Number of protein chains: 4
Amino acid sequence: MIHFDCDYMAGAHPEVLDAIVRNNRVQTAGYGCDDYCDRAKALIREACGTPDAAVHFMVGGTQTNSTVLDSILWRTDGVIAAETAHINVHESGAVELFAHKVLALPSHDGKLCPAEVRDYLHDFYADDTHEHMVAPGAVYISFPTELGTLYSLDELEQLHAVCSDYNIPLYVDGARLGHGLAASPDVTLKDIAHFTDVFYIGGTKMGALMGEAVVCTNDKLLPRFFTLMKAHGAVLAKGRLLGMQYEAFFKDGLYERIGRHAVSLAMRLRKAFEDKGYKPFIDSPTNQQFFTLPNDVIDRLMQAATFEYWGPRGETESRVRFVTSWETTEADIATLEQLL
Amino acid sequence: MIHFDCDYMAGAHPEVLDAIVRNNRVQTAGYGCDDYCDRAKALIREACGTPDAAVHFMVGGTQTNSTVLDSILWRTDGVIAAETAHINVHESGAVELFAHKVLALPSHDGKLCPAEVRDYLHDFYADDTHEHMVAPGAVYISFPTELGTLYSLDELEQLHAVCSDYNIPLYVDGARLGHGLAASPDVTLKDIAHFTDVFYIGGTKMGALMGEAVVCTNDKLLPRFFTLMKAHGAVLAKGRLLGMQYEAFFKDGLYERIGRHAVSLAMRLRKAFEDKGYKPFIDSPTNQQFFTLPNDVIDRLMQAATFEYWGPRGETESRVRFVTSWETTEADIATLEQLL
Amino acid sequence: MIHFDCDYMAGAHPEVLDAIVRNNRVQTAGYGCDDYCDRAKALIREACGTPDAAVHFMVGGTQTNSTVLDSILWRTDGVIAAETAHINVHESGAVELFAHKVLALPSHDGKLCPAEVRDYLHDFYADDTHEHMVAPGAVYISFPTELGTLYSLDELEQLHAVCSDYNIPLYVDGARLGHGLAASPDVTLKDIAHFTDVFYIGGTKMGALMGEAVVCTNDKLLPRFFTLMKAHGAVLAKGRLLGMQYEAFFKDGLYERIGRHAVSLAMRLRKAFEDKGYKPFIDSPTNQQFFTLPNDVIDRLMQAATFEYWGPRGETESRVRFVTSWETTEADIATLEQLL
Amino acid sequence: MIHFDCDYMAGAHPEVLDAIVRNNRVQTAGYGCDDYCDRAKALIREACGTPDAAVHFMVGGTQTNSTVLDSILWRTDGVIAAETAHINVHESGAVELFAHKVLALPSHDGKLCPAEVRDYLHDFYADDTHEHMVAPGAVYISFPTELGTLYSLDELEQLHAVCSDYNIPLYVDGARLGHGLAASPDVTLKDIAHFTDVFYIGGTKMGALMGEAVVCTNDKLLPRFFTLMKAHGAVLAKGRLLGMQYEAFFKDGLYERIGRHAVSLAMRLRKAFEDKGYKPFIDSPTNQQFFTLPNDVIDRLMQAATFEYWGPRGETESRVRFVTSWETTEADIATLEQLL
């Protein structure tokens, strides 16, 4: 059986796991106050080109999103996000649990349109009754999006400009950031750091056992963040585990290599489908690929491969998602090619 | 340097870590829907003697307490706890973040007095204005307590009886449950399961990388718990990691062995202090030991050992805490004996 | 100057105010535990044809919506509502403040489409990932809607059926209930009580100084509601004031008379506009009327009348809202007719 | 029957009610954007000697406390209060509902001891683990307290100094402020305004139908307060009613007169008890008086008077509370004197 369900089906990338195993018996202080975390933070700051950025490690994506948003949003503010945003759909209302409304704007293959964000903000403040309404206090985007798509550097700059004009932070959910950066023709990690206020460098979907690294370049944000994290249940006692993994990711380019590996196999996978005449229904350049397939093809593939079924499209076809990751091999793709 | 600061300074017990390493490349579904979790749950149910108990895995203690309490407490109810309870002191208000008041009763070396709990409940309902007050909706105890002390079986039965009479659940924070069971003259894991409604079997402080296992024997509690966990940011994507570790803990008695190891070394450590005439200021039978020491002795020990300083007591003495764990060795204790 | 801005610009209807003035010096217990409240509740139960309904008095609409929804929704559930719903737009996120997501469906002139609600519920449970999503835990409608429109008896029955099938409550925001009932060709107060689980009979917009009366016919809902109200800051110390006003409303048909008065003047007002060729842009049978007017007409009207400006429509026209109430007089309408 | 249960048993003081009745048909904008509110705010600012203070009107005390505290406390901060504080006992956990812990310090007849507050703050920041704890983000006192006692001017200055040193606001719950000011030998309304950051001038217990006026002299506090109030359900649609009442209170000294009236009758009442040998068990100079009485005396009084029973004290005595207000008459006191 070959697996394309998602990018968190196995444990950790061997180099990441090795960092944990190798240092297992070393004793350190808890809660991230250790040398591994310090070194990992320094490496991340360097990779981002932001020597003064604050870096915080958390365990998972939903936790990271709701804790960061709870910090950067004013008490009753909401957060602008695409209708398809993870925080709007698949986090069980974690943003609302902490009292913030998700202000959903139309999704363009998973992306917000910068001009629509600007219009929304303009119209909000033009409305005489806006003090009775939930104010937009931040903009959330994911890079890549839940549909595998990417913002161009130009779009990122435009979103940055809108947020600056309205003095609200731009926050990037980078659950699959490495896959996005590997696939982007123009956006680099330094651009992400430059054009946003807060973002996280996803670990769980990039080959860590668990872990997400929040990077905050706006020094007015995330005050007293440790206490807020603790109250959210987001502080890992053995915080060193996160430091060890991120040190492994960033000390010699592993994070980038993982992204390139998964994206390059995703492109081979896509080509395999296209060669058979199956077009993707979303044009994703990243490690998630989306196809409409005849149901009999799906049935045949399911004999030997796992992937996500996204529901019927008409009588004879259905939509499916295939995901590659650090654990996908050339052999897996070859097997899939043969199955097709 | 030898370390007695706490029981979460190193990584994982080798047998626990090995389970993760050995199965690293196996691919499974996410979010705890995997065979490792299933087997671990079955082993835990068996160890507890509760074939129908629900078992849920979470990542850390604060997260577990606030999620479980958020589930078992009615909207505006509070939870009775000792003044010294972890939820009342060292969780940054995580219980309050989810809208519940901690109703603090006097601490008797970290323990609630069952009779005082009964009186509190009686007086609450006897008060004509109680509908204007926060109702006590659950009782929280820790086993062992934050001060290393233990409830006797008799006390546990009494608390159970009070809670039954008032129809509110009894919840046990078992962050160090294994250490408590190893030290208790009469309370077994089956007793904990029998006399309480919900409890958790702590992993982080017992030799796991991370992880806590919630066991719920009252089938009216914790409805739709997965969704609540998700909203709390308490669902681990690679949930299998928790299953693997608990399987290692419970498949052949490792959890008990770790508890016995730590407690037996704690007793040796205590004897070493007592032999020198330093009495513990709390009579703890578990892996946390508390002493009042002359300041010059503390200074001397600090040259070669780490431990927690709890503040001065008078001019010439101070209070300190020493903690043993799976990682403490006979050699560590011998070194400490020599230092004294 | 004549006023058509809204239905809460003056104090109270004279008969309602008189009840407060007449009984001013009578001393009673606080918090609604008085004979006025008891009698008002009995009158409301009788008018609703629900001898066993629970009745609770609160002060304002936002407070009532957020307190009731906080009670009837499970911890992380959301509430289905039309995109234009008051709770989704003009309550500053009060529903989210108490951790619940508003699940917005398309608005059909302010109304939910019962079939779309059914589809939403069906699709939600058909989605394999629904445990990661906010579950729809109640349906909110307003009667009349924020756009003055009304559900027919048939639509009400359909919504009731959907909610029954999915075992979730149907809640009606009746801020202007009296105006809606006066205008409806088929829905009576008894129908509202029969086909819903909870609703409120609006007072503030119907001629009370303040006050809303929650009626709950589902005896499984609103447990320990007084304590929840208190925690929400929604218990009025001098609760008698609410009882006095609702007794005045319901003891001899005043509530109905106020509704009929406002609606009949609204129809005259509408006819005045239509006679001049100005068509309403929403077909509202109730006390809110919406027109597209040439800007010069608006300018002329503004010399002598107040009303709500809803923004431009093209270059030469704009949208406006006119509202009648207990305080609108025949003379006001005659003056308006002359102005046109 | 004569009534001494509490100070909110009747409607409104005639002059207050008259302001509402007289202006009943005047039409104004809603939500407090009207001339009555503007004039009332100006009068309050003048009475407080704070020309720049922000003034906000809310409906009731619990609502006011939880909304103000939700605004002035940082996300996870708690509020220091006496154990007997209204927010700690009789508000159903409204402060916790909005995620803030009440940090209860010992009550000295209802009052905080300034030195103990200073020690608490000192010890908190001296504790190495304080980032894991709920930080004290404000100090709450009531003037007069729930037990009728008063802070001296010196104590108020000391509390102000502590709060200034730790840069946290001092907030005063003034539910009965007028009664407290009338009784205080040295504290004036201007002192309250000078030595605190936020306080409210209670209306409900001073002769208003309902209403509390928040005064904020610290211009860094209460940003965007209207929206927060709205989300809390604390904005009254017909906000003018609050303006009318406070204008009546402050335009020619009515608020002070009501306080003096109630306090002077409370002193006569106290003397009546003392003349019979019944000593108060709390030395309250305000309109609440607390006595320990023989049970047979209580039985006799209950034939002709109502008051609050506070529970037995030994076999033959019980504690009771008598409250005077604007509605208490000389004749009521004379009747009580005869009953004794």
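In what follows, the structure referred to is the one given above.
Report follows, based on the coordinates.

What counts, and at which threshold
- Residues numbered from 1 in each chain as written.
- Chains lettered and ligands numbered in written order.
- Predicted model: local features only at pLDDT ≥ 70, side-chain atom pairs only at ≥ 80, totals over all residues.
- Heavy atoms only, no water.
- Buried < 20%, exposed > 50% of the residue type's maximum accessible area, 1.4 Å probe, protein only.
- Helix = DSSP H or I, 4+ residues; strand = E, 2+ residues; numbered from the N terminus.
- Pairing = 2+ DSSP bridges.
- Core = buried A, V, L, I, M, F, W, Y, C linked by side-chain atoms within 4.5 Å.
- Contact = heavy atoms within 4.5 Å.
- Least-squares fit on C-alpha atoms with pLDDT ≥ 70 in both.
- Buried area = accessible area lost by both parts, 1.4 Å probe.
- Salt bridge = Lys/Arg side-chain N within 4 Å of Asp/Glu carboxyl O.
- Polar contact = N/O pair within 3.5 Å; in protein donor to acceptor, adjacent residues only side chain to side chain.
- Nonpolar A, V, L, I, M, F, W, Y, C, P; charged D, E, K, R; others polar.

### Some details on the pairing of strand E3 (residues 78-82) of chain B
Residues and elements named next belong to chain B.
Now for step 1: For E3, the buried fraction is high: five of the five residues fall into the buried class.
Now for step 2: Burial along E3 is two-sided: Gly78, Ile80 and Ala82 facing one way and Val79 and Ala81 facing the other are all buried.
Now for step 3: Here four bridges tie E3 to strand E4 (residues 102-105), and the two strands are oriented parallel to one another. If you follow alanine 82 over to E4, its bridge partner there is leucine 105.

### Section: the nonpolar core
Now for step 1: If you look at the biggest cluster of nonpolar residues, it comprises 129 residues, and the most contacted ones within it are Ile201 of chain A together with Ile201 of chain B.
Now for step 2: Among residues more than four places away in sequence, those in contact with isoleucine 201 of chain B are Ile44, Cys48, Gly174, Leu177, Leu189, Glu212, Ala213, Val215, Tyr246, Phe250 and Tyr255 of chain B.
Now for step 3: Counting residues in hydrophobic clusters, the runner-up holds 128 residues, among them Phe143, Leu170, Tyr246 and Tyr255 of chain C.

### With respect to the relation of the copies chain D and chain C
Now for step 1: For the match of chain D to chain C, the screw axis carries a shift of 0.0 Å, the RMSD comes to 0.0 Å, and the turn is 180°. These values place the two chain copies in the arrangement generated by a two-fold rotation axis.
Now for step 2: Both copies contact each other with a shared surface, as 100% of the interface residues of chain D are interface residues in chain C too.

### Quick look at the interface of chain D and chain C
Now for step 1: Listed per partner, the contact involves 44 residues of chain D and 44 residues of chain C.
Now for step 2: For the pairing of chain D and chain C, the buried interface totals around 3900 Å² over both sides, and the portion due to carbon and sulfur atoms is 59%.
Now for step 3: If you sort the residues of chain D by the area they bury against chain C, Tyr8, Gln27 and Lys238 of chain D come out on top, with a joint share of 18%.
Now for step 4: Summed over the shared surface of chain D and chain C, the number is zero salt bridges.
Now for step 5: Where chain D meets chain C, there are 20 residue pairs in polar contact (both at pLDDT 80 or more).
Now for step 6: Looking at the side of chain D that touches chain C, the elements that each hand over two or more residues are helix H1 (14-22), helix H3 (61-72), helix H5 (94-97), helix H10 (225-231) and helix H11 (240-251) of chain D.
Now for step 7: Ranked by the residues each element gives to the side of chain D that touches chain C, the list is headed by H1 of chain D, at four residues.

### Here we look at the interface of chain A and chain B
Now for step 1: Tallying the contact residues gives 44 residues for chain A and 44 residues for chain B.
Now for step 2: Summing both sides of the interface, chain A and chain B together bury roughly 3900 Å²; the carbon and sulfur share of this comes to 59%.
Now for step 3: There are zero salt bridges connecting chain A and chain B.
Now for step 4: Summed over the shared surface of chain A and chain B, the result is 20 residue pairs in polar contact (both at pLDDT 80 or more).
Now for step 5: Listing elements by their share of the side of chain A that touches chain B, those giving two or more residues are helix H1 (14-22), helix H3 (61-72), helix H5 (94-97), helix H10 (225-231) and helix H11 (240-251) of chain A.
Now for step 6: Sort the elements by how many residues they give to the side of chain A that touches chain B and H1 of chain A lands first, with four residues.
Now for step 7: Residues of the side of chain A that touches chain B, tallied by class, amount to 23 nonpolar, 15 polar and six charged.

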